[in-house]
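# Fold and geometry: a report
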There are 2 protein chains.
Amino acid sequence: MNLNTLPSRTVAQRMEYFRSRLPSMRLDAYWVVDPADVRYLSGFTGEESTLLVTRDWSGLITDSRFEEQAGAEALVDEIVLRQKGMAATVGLLSRRMGLRRIAFTSRHLAYADWQALSSELVQARLVPCGEGLPERMRARKSREEAKAIALAVRLAERAFLRFVQQVQPGRTERWLAGRLEWEMVVAGAERAAFDTICAVGERASLPHAVCTERQVGPDGVVLVDWGARVGGYHSDLTRIVGTGTMPRRVRELAQVVLEAQEAALEKLAPGVSCGEVDRAARTVVARAGYGPNFGHSVGHGVGLTVHEAPRLAAGEVDVLLPGMVVTVEPGIYVPGEGGVRIEDVVVVTDGGCEVLSSLEREPGCRMDGPRGAGDGSGSCSGTG
Amino acid sequence: MNLNTLPSRTVAQRMEYFRSRLPSMRLDAYWVVDPADVRYLSGFTGEESTLLVTRDWSGLITDSRFEEQAGAEALVDEIVLRQKGMAATVGLLSRRMGLRRIAFTSRHLAYADWQALSSELVQARLVPCGEGLPERMRARKSREEAKAIALAVRLAERAFLRFVQQVQPGRTERWLAGRLEWEMVVAGAERAAFDTICAVGERASLPHAVCTERQVGPDGVVLVDWGARVGGYHSDLTRIVGTGTMPRRVRELAQVVLEAQEAALEKLAPGVSCGEVDRAARTVVARAGYGPNFGHSVGHGVGLTVHEAPRLAAGEVDVLLPGMVVTVEPGIYVPGEGGVRIEDVVVVTDGGCEVLSSLEREPGCRMDGPRGAGDGSGSCSGTG
């Protein structure tokens, strides 16, 4: 199956649904500028192109560099090759079609581009949307999309199992991250989903650690946060690996984190709010006395981008729906000492959820043979 | 020398100069949101943080995750740990200091963030700047910055010389790109400067080719566009390599491209406009009959980002100054057939320019031993 382009039927249905929503929002058109949104609604995978979608017309606005690719991929009524700037072209089309209310996702459009389009329009009004309709649609994945993400998880796991053999004293964070990214390409990924995090020792207390020349020592511990991209879809996983005996302290923290993750997974089902899932994990961490050491939300949607809707965060009232694919990644961070985060990818099913990842979750996963899996979800020696 | 943080003297001088420019622009403050601008003006290398700079005060607005890092790196008057959103915090500071005119770079601020800050301000006016002052300042590199870029060039070249041994029939574009990125990490780079382009055969006619599973064949040709990042600074190079005999047609196109590059390099000197450099290269390509096949500009600045000021483009009136570091990368693209681009990095000196890259430029560079260098700038067997 070629994952680069999803079945065209699905893309056409997305566009149809998207368009059908415009009247109830009192919109004549939506200017779609985010590359992931453009790809989702039209199938076009190129760059520097936008979509203008009206109630009865859709156009991909691109330039000559992408003409051939657009013709092969984009399911739109018209491919518009722009001669001038992007905003000037959208302005021209808007005037020609007499559009009055044109929406855009306000997080995705630079002020300069808003300004450029505004100056082109006379009678039309630009309507900023805080939460974009395309991204809301993307939150719920089709069966094909869930399959693509599952494949991205499998390739990331396969690469990880080769990578852990390389986690040896003397290796630097940068070397390790680069090695894992290379193993993902060898495993068949398009490339790494994002800049891989390898945080050694107490550096794991930084949830946003950037790799350095720091070396892992004997009996050293490395937090690894990585993912693969395939067919445009991403995976996002986190594990703790060591070079020798795993320190008891790390095992203790991991026990709490794993319980928190289990509590979130038990909660995860259609109809449950995102905030409830976050609370389930947070309660376990707080009860163990580490409430202040778990500063981030418990998870996020993953798909055509690494971070997308829904947000599994405190107080989030959005409700989970079948087909949503999210990470579940509680963590405990002790400044100056270290940190433990365990992250898996799950898809919401009709009755609950299914974990797409199958790597051993306990810290210390090494390739010295199969181990008993802490939670029965898999073992070091297989990719499930 | 630790390139992660430039000498603090330099950063302090930058901030001082930046601040001194505010009165003549009738500005009370500048809100700096681009990470490269933040790093340039303050030395802070973390994420999700912005700078507010007034005529007599500078503050880095960050959150608790980056508190320790900000304390160690940021040369500012105050580190402000935000409790609320970024815009709310900037709004609070602006009201407290009675700021009236606050500038921002309009390409770098999302409309949503502009909207959020606007709603916080009562008496102040937000002034969009099309061309940002920080980016204009960044165009002219200090000696230390030029050294950092030269190192990024050297590491990219060292990796390339190991990589070319791997360019063999049957390798896919993705495999090759992943391999070169891995070789850069082994050579000592932080990571790849950008997604490496490896375009096989006729796919090289796409200036923005994205790697696929396309395999290189016997007597195959691959266009490779790659760079390394080290100490936050980037390099950006392009070469043509082959698996056997280089097709005569590729050699012919390369001859024109190399002449065009030479013409641009001869022109490159302080006081010359960017448009003149572009024209020098374009004239050579057009005279050979390939004018319509050279669609992009001849080069761009490179530094803390891969693409920055100045733009060496047709009609660009900006004048070159000593210390500017730019790529020179003419190309000829024949759809359905292939393409040749040769790209090097140069620094503008007091009397002309110095090429920082030293790899053999002729297509066909392989590791089967030293070759005569086409232009005397280096050979396959050394990194210069």
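As the structure is a computational prediction, the values presented were derived from the model and not from experiment.

### Describing the overall build of chain A
Regarding its fold elements, chain A presents 10 helices and 19 strands. Viewed in the frame of its principal axes, chain A has a C-alpha envelope of about 70 × 40 × 35 Å. Relative to its full complement of 384 residues, chain A shows a buried share of 60%. In chain A, of all internal contacts separated by at least 6 residues, the share reaching a separation of at least 24 is 65%. For chain A, the accessible area works out to roughly 15,200 Å², and carbon and sulfur atoms hold 48% of it.

### What about the layout of surface pockets?
All names here are of chain B. Considered as a void within the structure, the second largest pocket measures approximately 560 Å³ in volume. Lining the second largest pocket are 26 residues, with Arg136, Met137, Ala139, Arg140 and Leu321 positioned closest to its centre. Only helix H1 (8–20), helix H6 (133–138) and strand S14 (308–312) provide two or more residues apiece to the lining of the second largest pocket. For the lining of the second largest pocket, the leading source of residues is H1, giving 4 residues. Residue-level mapping places the lining of the second largest pocket at the junction of two domains, with at least three residues from each of domain 1 (8–138) and domain 2 (143–355).

### As for the pattern of salt bridges
For the structure on display, the rule yields 56 salt bridges over all chains. As a salt-bridge pair, arginine 311 of chain B and glutamate 316 of chain B come within 2.8 Å of each other at their nearest N and O atoms. Salt bridges sharing partners connect three or more residues here, namely Asp34, Asp37, Arg138, Lys141 and Glu308 of chain A.

### Re the domain arrangement of chain A
As a measure of interface size, the accessible area lost when the parts come together is often cited. Residues and elements named next belong to chain A. If you check the domain split of chain A, you get domain 1 (8–138) and domain 2 (143–355). In this structure, domain 1 and domain 2 have C-alpha centres spaced 34 Å apart. Taken together, the contact between domain 1 and domain 2 spans 8 residues of the former and 10 residues of the latter. With both chains or domains summed, domain 1 and domain 2 bury close to 690 Å², and 43% of this area falls on carbon and sulfur atoms. In terms of surface lost to domain 2, no three residues of domain 1 exceed Arg39, Glu135 and Arg138, which account for 56% of the buried area on that side. The interface formed by domain 1 and domain 2 holds 2 salt bridges in total. One can count 4 residue pairs in polar contact (both at pLDDT 80 or more) joining domain 1 with domain 2. Of all elements in the fold, only helix H1 (8–20), helix H2 (35–42) and helix H6 (133–138) reach the threshold of two or more residues within the side of domain 1 that touches domain 2. Per element, the largest residue contribution to the side of domain 1 that touches domain 2 is 3 residues, and it comes from H2. When grouped by side-chain class, the residues that make up the side of domain 1 that touches domain 2 number 2 nonpolar, 1 polar and 5 charged.

### Brief notes about the packing of helix H4 (residues 86–97) of chain A against helix H5 (residues 111–120) of chain A
All names here are of chain A. At their nearest, the axes of H4 and H5 sit 8 Å apart, and the two run at 35° to each other. You can see that H4 and H5 cross each other, and the crossing is right-handed. Here H4 contributes Ala87, Ala88, Val90, Gly91 and Arg95 to the contact with H5, which in turn contributes Asp113, Ala116, Leu117 and Glu120. Here the contact of H4 with H5 is built from residues that sort into 5 nonpolar, 1 polar and 3 charged.

### What about the relation of the copies chain B and chain A?
Superposing chain B onto chain A takes a rotation of 180° plus a shift of 0.0 Å along the axis, which leaves an RMSD of 0.0 Å. Here the copies are linked by what is in effect a two-fold axis.

### Observations concerning the interface of chain B and chain A
The interface of chain B with chain A comprises 28 residues on the first partner and 28 residues on the second. Overall, the association of chain B and chain A removes approximately 2,700 Å² of surface from exposure, summing both partners, and the carbon and sulfur fraction of that is 57%. Together, Tyr111, Arg174 and Trp182 of chain B form the three largest contributors to the area buried by chain B at its contact with chain A, with a combined 26%. The tally of links from chain B across to chain A stands at 4 salt bridges.

### Some points on the sheet that holds strand S10 (residues 228–230) of chain A
Residue and element names in this part refer to chain A. One open sheet holds the 3 strands; their spatial order is S7-S10-S11, and the pairing between them is antiparallel. The open sheet terminates on both sides in strands that have one partner only, identified here as strand S7 (191–192) and strand S11 (233–234). With 2 bridges joining them, S10 and S11 adopt antiparallel strand pairing. The partner of valine 230 across the bridge, within S11, is tyrosine 233. Contacts from helix H7 (residues 143–163) reach S10 and S11 within the one sheet, and its direction differs from that of S10 by about 135°.

### Focus: the sheet that holds strand S9 (residues 221–226) of chain A
All names here are of chain A. Here we have 3 strands laid out as an open sheet, ordered S8-S9-S12, and antiparallel in their pairing. A strand with exactly one partner marks an edge of an open sheet, and here the two such strands are strand S8 (197–200) and strand S12 (237–242). On average, adjacent strands in this sheet sit at an angle of 15° to one another, irrespective of strand direction. Two strands pair when backbone bridges link them, and S8 and S9 are joined in this way by 4 bridges, in the antiparallel orientation. From the neighbouring strand, valine 200 faces S9, where its bridge partner is valine 222. Its contacts with the sheet place H7 against S8, S9 and S12, and it is angled at close to 10° to S12.

### Considering the packing of aromatic side chains
Under the defined criterion, the tally for this structure stands at 17 aromatic pairs over all chains. Arranged with centres 5.0 Å apart and planes meeting at 40°, the rings of tyrosine 111 of chain A and tryptophan 114 of chain B form a pair that is tilted. Placement of the pair is tyrosine 111 of chain A in helix H5 and tryptophan 114 of chain B in helix H5 (residues 111–120), with the two residues belonging to separate chains. According to the relative accessible area criterion, tryptophan 114 of chain B is buried, its value standing at 18%. Centroid distance phenylalanine 160 of chain B to phenylalanine 163 of chain B: 5.8 Å. Interplanar angle 40°. Geometry classified as tilted. Taken together, the residues span about one helical turn, with phenylalanine 160 of chain B and phenylalanine 163 of chain B both in helix H7 (residues 143–163) at a distance of 3 residues. The same class applies to phenylalanine 160 of chain B as to phenylalanine 163 of chain B, namely buried. Ring pairing ties together the aromatic residues Phe104, Tyr111 and Trp114 of chain A together with Phe104, Tyr111 and Trp114 of chain B, which thus form one cluster. The ring of tyrosine 40 of chain B has arginine 14 of chain B lying over it, and the distance from NZ or CZ to the ring centre is 4.1 Å. The ring of phenylalanine 294 of chain B has arginine 282 of chain B sitting right over it, with the charged end atom 4.1 Å from the ring centre.

### A short note on the environment of proline 218 of chain A
All names here are of chain A. In this structure, proline 218 sits in the loop between S8 and S9. A relative accessible area of 68% places proline 218 in the exposed class. Residues proline 218 and glycine 43, 175 residues apart in the sequence, show an inter-C-alpha distance of 49 Å. Sequence-distant contacts of proline 218, that is, excluding residues within four places in its chain, are made with Pro169 and Thr243.

### With respect to the pairing of strand S1 (residues 29–32) of chain A
Residues and elements named next belong to chain A. Along S1, one buried face is formed by Ala29 and Trp31 and the opposite face, lined by Tyr30 and Val32, is buried too. Pairing of S1 with strand S5 (residues 101–105) involves 3 bridges; the strand directions are parallel. For alanine 29, the partnering residue across the bridge sits in S5 and is isoleucine 102. Strand direction decides the pairing type here: S1 and strand S2 (residues 50–54), joined by 4 bridges, are antiparallel. Within S2, the position partnered with alanine 29 by the bridge is threonine 54.

Parameters at a glance
- Residues numbered from 1 in each chain as written.
- Chains lettered and ligands numbered in written order.
- Predicted model: local features only at pLDDT ≥ 70, side-chain atom pairs only at ≥ 80, totals over all residues.
- Heavy atoms only, no water.
- Helix = DSSP H or I, 4+ residues; strand = E, 2+ residues; numbered from the N terminus.
- Buried < 20%, exposed > 50% of the residue type's maximum accessible area, 1.4 Å probe, protein only.
- Contact = heavy atoms within 4.5 Å.
- Areas by Shrake-Rupley, 256 points an atom, 1.4 Å probe, with all protein chains shown as cover.
- 1 Å grid on protein atoms, 1.4 Å probe; cavity = no way out; pocket = protein on both sides within 12 Å on 5 of 7 lines; lining within 4 Å.
- Points joined across faces, edges and corners; volume = space filled by probe spheres on them.
- Domains from an automatic or database assignment.
- Salt bridge = Lys/Arg side-chain N within 4 Å of Asp/Glu carboxyl O.
- Buried area = accessible area lost by both parts, 1.4 Å probe.
- Polar contact = N/O pair within 3.5 Å; in protein donor to acceptor, adjacent residues only side chain to side chain.
- Nonpolar A, V, L, I, M, F, W, Y, C, P; charged D, E, K, R; others polar.
- Axes fitted to C-alpha atoms, helices over the stretch in contact; angles between N-to-C directions.
- Left-handed = near helix turned anticlockwise from the far one by under 90°.
- Least-squares fit on C-alpha atoms with pLDDT ≥ 70 in both.
- Pairing = 2+ DSSP bridges.
- Phe/Tyr/Trp six-rings, centres within 6.5 Å; stacked < 30°, edge-to-face > 60°.
- Lys NZ or Arg CZ within 6 Å of the ring centre and 35° of its normal.

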